[in-house]
Amino acid sequence: MTGPGDDRETRLPEVADATADGPLAVLVARDRAEVAIASLRAEGVYDDDRRVKPVPDGLVALPVTGPPSETGVRRVVRQTDPEPRAPDLATLLRERGWDDEAVERAPSSWAVVGTVVLVSLTDLDESEEVAVGEALLELHGEADTVCAREGVDGELREPDVRVVAGIGDTETIHVEHGTRYALDLSQVMFSPGNQRERVHMGEVTDESERVLDMFAGIGYFALPMARAGATVTAVEKNPDAFRYLGENAVNNAVLDRMELVLGDCRDVEATADRVVMGYYDAVDPAPGGDAEGDDPAAAGRSYLDAAFDAVVSGGTLHVHATEPADDPWRRPVARLEAVADDHGRDVTVLDRREVKSHSEGVVHVVVDARVD
Ligand SMILES: C[S@@+](CC[C@H](N)C(=O)[O-])C[C@H]1O[C@@H](n2cnc3c(N)ncnc32)[C@H](O)[C@@H]1O
């Protein structure tokens, strides 16, 4: 299992210096660490008790309990300076002299996206943020940059991030269930909390389907669906995200079954068995038009209008939304039924999923609907 272009990673390499003492480790390129760790875990040889250690030439040493038989690595070596894995962030911060009150203000969750740690930081001063960042790099030897997330803005969902530790390289490749996502986390958003939904989209489709992804981004859903064999039309309005969408279609060897469109999804003519609307505003009425009591004739074309024009009879819509946690389904379902009515069609709700908590009292949900 080697990444594209990593032809120097070989299987079954000899144990360098087999006579030396010390536990084993494998050397891989830093930007392959995330993949290799997942593969070594799958093989059952990854040693969670020791730290990942950076070594010269952009490599890292991953601790293993034995030589891997499946995972591609540069070399298997004996570690002369093994270090126990840092137990957790709080312990590392306490080692830095933090008291209980300060540790309380440290983040309790973060995400490793390729070689970048994404974390939300609040109530910390600058020096504390740097300390947390450095501790997170110690916890995640495969990472080289820590970014504070400060929200996603505007129609094109541009992220607001700040480098707080490391080399400040926000461009990376994140691998999730075999799908490779190249992205620059300072230019395009990435939502770790949508992982299950990304994987799910790859599981619900196959080579018999034509898929329209109306809000494709870098290919969050489109790539797993194309890897599952579907023919995918992926539309994206943000030029930066679109550039990565193209690069990722090549990197995942699925460009041959993808049509990439830079533009507004409401202007795209398509015929699809399955339409993905991964956008929180997907069910919103068109500006100045088909809200309750508005004159539809004056309406702009809503995202749902475009979806209904594209989906074939018997096809499926996957509609995302952010809704009150105590009443998450009423509005998206009502909007679906209202627009179906406008189009003289019927909708049947097939599934409703809560993807993640969005904010206080608000959840990110998806409604799957069959359209006839
Ligand atoms: C929220 S992101 C996609 C998030 C993704 N569904 C996920 O799960 O992580 C939505 C994307 O839609 C794009 N977008 C917004 N309005 C659009 C439009 N009218 N047509 C095409 N793309 C659009 C944005 O630029 C952004 O990249």
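Residues numbered from 1 in each chain as written. Predicted model: local features only at pLDDT ≥ 70, side-chain atom pairs only at ≥ 80, totals over all residues. Heavy atoms only, no water.

Draft legend 1. Region of interest: the overall build of the chain. Looking only at helices and strands, the chain has nine helices and 17 strands in total. Relative to its length of 372 residues, the chain is compact, with a C-alpha radius of gyration of 23 Å against a globular reference of 21 Å. Principal axes of the C-alpha set define a box for the chain whose edges measure 80 × 50 × 30 Å. As displayed, the chain offers around 16,600 Å² of accessible surface, 47% of which is attributable to carbon and sulfur atoms. Placing the 37 positive and 75 negative side-chain charges of the chain at their respective mean positions leaves the two points 4 Å apart. (Helix = DSSP H or I, 4+ residues; strand = E, 2+ residues; numbered from the N terminus. Rg over C-alpha atoms; globule rule 2.2 N^0.38 Å. Areas by Shrake-Rupley, 256 points an atom, 1.4 Å probe, with all protein chains shown as cover. Lys, Arg positive; Asp, Glu negative; His and termini not counted. Charge placed at Lys NZ, Arg CZ, Asp CG, Glu CD.)

Draft legend 2. A look at the side chain of Glu236. Relative to the elements of secondary structure, Glu236 occurs in strand S12 (residues 231-236). No salt bridge is formed by the buried Glu236; the nearest opposite charge belongs to Lys237, separated by 9.1 Å. Polar contacts involving the side chain of Glu236 include one to the main-chain amide nitrogen of Gly217, which spans 2.7 Å. Residues in contact with Glu236, not counting those within four places in the same chain, are Phe215, Ala216, Gly217, Ala241, Phe242, Leu245, Val261, Leu262 and Gly263. (Buried < 20%, exposed > 50% of the residue type's maximum accessible area, 1.4 Å probe, protein only. Salt bridge = Lys/Arg side-chain N within 4 Å of Asp/Glu carboxyl O. Polar contact = N/O pair within 3.5 Å; in protein donor to acceptor, adjacent residues only side chain to side chain. Contact = heavy atoms within 4.5 Å.)

Draft legend 3. Just the site of the ligand, in detail. Taken together, 21 residues surround the ligand, and among them Glu155, Asn194, Glu236, Cys265 and Gly278 come closest. Within the contact set of the ligand, a nitrogen atom lies 3.3 Å away from a backbone nitrogen or oxygen of Lys237. The backbone of Gly278 places a nitrogen or oxygen atom 3.0 Å from a nitrogen atom of the ligand. Protein contact buries 97% of the 590 Å² of open area that the ligand shows by itself. Residues that form the shell around the ligand fall into these classes: nine nonpolar, six polar and six charged. Two domains share the shell around the ligand, each providing at least three of its residues, namely domain 2 (89-169) and domain 3 (192-371). (Near = heavy atom within 4 Å. Nonpolar A, V, L, I, M, F, W, Y, C, P; charged D, E, K, R; others polar. Domains from an automatic or database assignment.)

Draft legend 4. Structural detail: a negative patch on the surface. Together, Asp153, Glu158, Asp160 and Asp240 line one region of the surface with negative charge. Residue placement: Asp153 occurs in strand S7 (residues 145-153). (Patch = residues over 30% accessible without salt bridge, like charges linked within 9 Å, V, L, I, M, F, W, Y side chains within 5 Å.)

Draft legend 5. Layout of the pairing of S7. As paired strands, strand S6 (residues 116-119) and S7 are joined by four bridges and run parallel to one another. Paired with Val119 across the strands is Ala148, a residue of S7. Both S7 and strand S8 (residues 158-166) contribute to a ladder of seven bridges, which runs antiparallel. Bridge pairing in S8 places Arg149 opposite Val161. Between the end of S7 and the start of S8, which pair antiparallel, lie four residues, with Gly154 showing a positive phi angle near 75 degrees. (Pairing = 2+ DSSP bridges.)

Draft legend 6. The arrangement of unusual backbone geometry in detail. Residue Asp123 is not a glycine yet carries a positive backbone phi of 60 degrees. Along the chain, the position of Asp123 falls in the loop between S6 and helix H4 (126-139). What makes Asp123 exposed here is its relative accessible area of 61%.

Draft legend 7. Highlighting the environment of Arg352. Its place among the elements puts Arg352 in strand S16 (residues 347-359). Not counting chain neighbours up to four residues away, the residues in contact with Arg352 comprise Trp329 and Val366.

Draft legend 8. Fine view of the sheet that holds S8. Taken together, the four strands give an open sheet; going across it, the order is S5-S6-S7-S8, and neighbouring strands pair in mixed fashion. Here the strands that pair on one side only, and so sit at the sheet edges, are strand S5 (111-113) and S8. Across this sheet, the average inter-strand angle for adjacent strands is 35 degrees, counted without regard to direction. Against the sheet, H4 makes contact with S6, S7 and S8, and its axis sits at roughly 80 degrees relative to S8, the strand it touches most. (Axes fitted to C-alpha atoms, helices over the stretch in contact; angles between N-to-C directions.)

Draft legend 9. Just the confidence of the model for the chain, in detail. Overall, the predicted model of the chain reaches an average pLDDT of 90, with 91% of residues at or above 70. Across residues 1-14, confidence stays below pLDDT 50; counting only partners more than four residues off in sequence or on other chains, it has 35 contacts. Contacts of residues 289-298 to residues separated by more than four positions or lying in other chains number 12 contacts, the stretch itself having pLDDT below 50. (pLDDT = per-residue confidence, 0-100.)

Draft legend 10. Region of the structure containing the environment of Gly66. Among the structural elements, Gly66 can be located in the loop between strand S3 (59-63) and strand S4 (75-78). Sequence separation of Gly66 and Leu40 is 26 residues, and the distance between their C-alpha atoms is 9.9 Å. Every residue in contact with Gly66, bar those within four places of it in the chain, is listed here: Leu24 and Val45.

Draft legend 11. Looking closely at the environment of Leu93. Along the chain, Leu93 turns up in helix H2 (residues 89-95). Judged by relative accessible area, which is 0%, Leu93 ranks as buried. Spatially, the C-alpha atom of Leu93 lies 28 Å from that of Leu27, the residues being 66 residues apart in sequence.

Draft legend 12. A look at the nonpolar core. Core analysis: the biggest nonpolar cluster contains 35 residues, and Met214, Val275, Met277, Phe308 and Leu317 have the highest contact counts within it. Of all the secondary-structure elements, those providing two or more residues to this core are strand S14 (272-277), helix H8 (303-310), strand S15 (311-324), helix H9 (330-342) and strand S17 (362-371). Among the elements that line this core, the one with the most residues is H8, at six residues. Among the nonpolar cores identified, the runner-up in size contains 31 residues, and Leu118, Ala226, Leu245 and Val254 belong to it. (Core = buried A, V, L, I, M, F, W, Y, C linked by side-chain atoms within 4.5 Å.)

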